[in-house]
Amino acid sequence: MASRIALVTDSTSDLPADLARTFGVTVVPETVSLGGQSYLDGVDITADEFYRKLAATDEMPITSTPSPGRFAEIYGALLENHDQILSLHLPASMSGTIAAATQGANLAQPERIHIVDTEVVSMALGLLVLAAAKASGEHEQESSEEIWRRVEPVRDGMRVHFMVGTLEYLRRGGRIGRASALVGSVLQVKPVLTLTDGVITPLERVRTREKALNRVIDLARDRGEKLCACVGHSAAPELCDRLSAALEDQCETLLAFPLGPVVGAHAGPGTVGVGAYPADLFPLGIGRFSAAAAS
């Protein structure tokens, strides 16, 4: 018997393939180009391979969204075995993915496809998609809109805090948002950044990487007594391990994995961060999950 709702996201959710399979999530890959070659994120190139190539070149990577035709193809195939689709994506302020997905839905069966600009990306988007997948499994008779309403409080309760090795990748990739005010500062700062309404925003300025990491830990721990959290990193496994260890005793669910090539292309190497929400909003029940680290 076909399940009622199909869950779709894009590869900026950074979900490891085995975790996506376990929860029945279809991941549409974005594209990253580097060294004259184009790769489907997580299909043609792994995070580990991408960061090795990035370290070996001075070239800035370029990213691009899936085509509307690709979305239409995926949606059409899923609708052969599902009643509806819930498609959750990174903010329109960061990417044309929402626009492409909407066009793709219009080429398929738009009345059966619910597309959401989640206003979050990477670790936070991954957590939100997993919550939606669990909700759809627990409430099989509900529509895609009803499933989204169940997990929307997770999105509203989610906070993302991260630090980057350098602001240069965000600046040159056009994703720097309100953190642009920090570029060119005479102060050697390591800003703690957050996402506000889908825009990267500086939260605090600190002087050292160590202080920035400790502040990210404190901000995550302040989200509640029990958390669902996801830690992500780009070629910074030691920072990821430290952040995960600091949160472990407070987490109902704790995921840790590398940021994929598309997110890493904009964040740059040396990035580490966490998306977290109070577990009582929607417990995931996953426990601990750690994907192979890119180093």
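Structure's up top.
What counts, and at which threshold
- Residues numbered from 1 in each chain as written.
- Predicted model: local features only at pLDDT ≥ 70, side-chain atom pairs only at ≥ 80, totals over all residues.
- Heavy atoms only, no water.
- Helix = DSSP H or I, 4+ residues; strand = E, 2+ residues; numbered from the N terminus.
- Rg over C-alpha atoms; globule rule 2.2 N^0.38 Å.
- Buried < 20%, exposed > 50% of the residue type's maximum accessible area, 1.4 Å probe, protein only.
- Contact = heavy atoms within 4.5 Å.
- Areas by Shrake-Rupley, 256 points an atom, 1.4 Å probe, with all protein chains shown as cover.
- Lys, Arg positive; Asp, Glu negative; His and termini not counted.
- Charge placed at Lys NZ, Arg CZ, Asp CG, Glu CD.
- Pairing = 2+ DSSP bridges.
- Axes fitted to C-alpha atoms, helices over the stretch in contact; angles between N-to-C directions.
- Expected span 1.5 Å × (residues − 1).
- Parallel < 35°, antiparallel > 145°, perpendicular 65-115°, else oblique.
- Left-handed = near helix turned anticlockwise from the far one by under 90°.
- Polar contact = N/O pair within 3.5 Å; in protein donor to acceptor, adjacent residues only side chain to side chain.

We now examine the overall build of the protein. Looking only at helices and strands, the protein has 10 helices and 14 strands in total. Against the compact-globule benchmark of 19 Å for 295 residues, the protein has a radius of gyration of 18 Å, which places it among compact chains. For the protein, with 295 residues in total, the buried portion stands at 55%. By sequence separation, contacts in the protein at least 24 residues apart represent 76% of the contacts at least 6 residues apart. With the model as given, the accessible surface of the protein reaches about 12,400 Å², and the carbon-plus-sulfur share is 48%. Charged side chains in the protein number 26 positive and 36 negative. The centres of these two groups are separated by 6 Å.

As a further point, take the sheet that holds strand β4 (residues 37-40). Spatially, 3 strands are ordered β4-β3-β5 in an open sheet, and the strand pairing comes out antiparallel. Strands at the two margins of the open sheet, each flanked by one partner only, are β4 and β5 (62-64). When the angles between neighbouring strand axes are averaged without regard to direction, this sheet yields 25°. Bridging between strand β3 (residues 31-34) and β5 involves 3 bridges; their strand directions are antiparallel. Looking across to β5, one finds that Val32 is bridged to Thr63.

End to end, helix α3 (residues 68-79) covers 16 Å across 12 residues, agreeing with the expected 16 Å (1.5 Å per residue, within 8%). By the burial criterion, the buried members of α3 are Phe71, Ala72, Ile74, Tyr75, Leu78 and Leu79.

Our focus in this paragraph is the packing of α3 against helix α4 (residues 97-107). Two elements in contact, α3 and α4, have axes whose closest approach is 7 Å; the angle formed by their N-to-C orientations is 55°. Between α3 and α4, the angle falls in the class oblique. In this structure, α3 meets α4 at a crossing whose hand is right-handed. The residues of α4 that touch α3, namely those facing Pro68, Phe71, Ala72 and Tyr75, are Thr97, Ala100, Ala101, Gln103, Gly104, Ala105 and Leu107.

A word on the pairing of strand β1 (residues 5-10). Taking burial as the measure, the 6 residues of β1 include 6 buried ones, the bulk of the element. Covered by surrounding structure in β1 are Ile5, Leu7 and Thr9 together with Ala6, Val8 and Asp10, the residues of both alternating faces. Examined bridge by bridge, β1 and strand β6 (residues 84-89) share 5 bridges and lie parallel to one another. Note on β6: the bridge partner recorded for Thr9 is Leu88.

Attention now moves to the side chain of Ser136. Looking at the element boundaries, Ser136 is found in helix α5 (residues 123-138). At a separation of 2.8 Å, a polar atom in the side chain of Ser136 contacts the main-chain carbonyl oxygen of Ala133. Not counting chain neighbours up to four residues away, the residues in contact with Ser136 comprise Ile5, Leu7 and Ile147.

Right, let's talk about the environment of Ile62 for a bit. As for its placement among the helices and strands, Ile62 is situated in strand β5. With a relative accessible area of 55%, Ile62 lands in the exposed category. Along the backbone, Ile62 and Gly35 are 27 residues apart, and their C-alpha atoms lie at a distance of 9.9 Å. In this view, Ile62 contacts Thr31, Val32 and Ser33; residues no more than four positions away in its chain are not counted.

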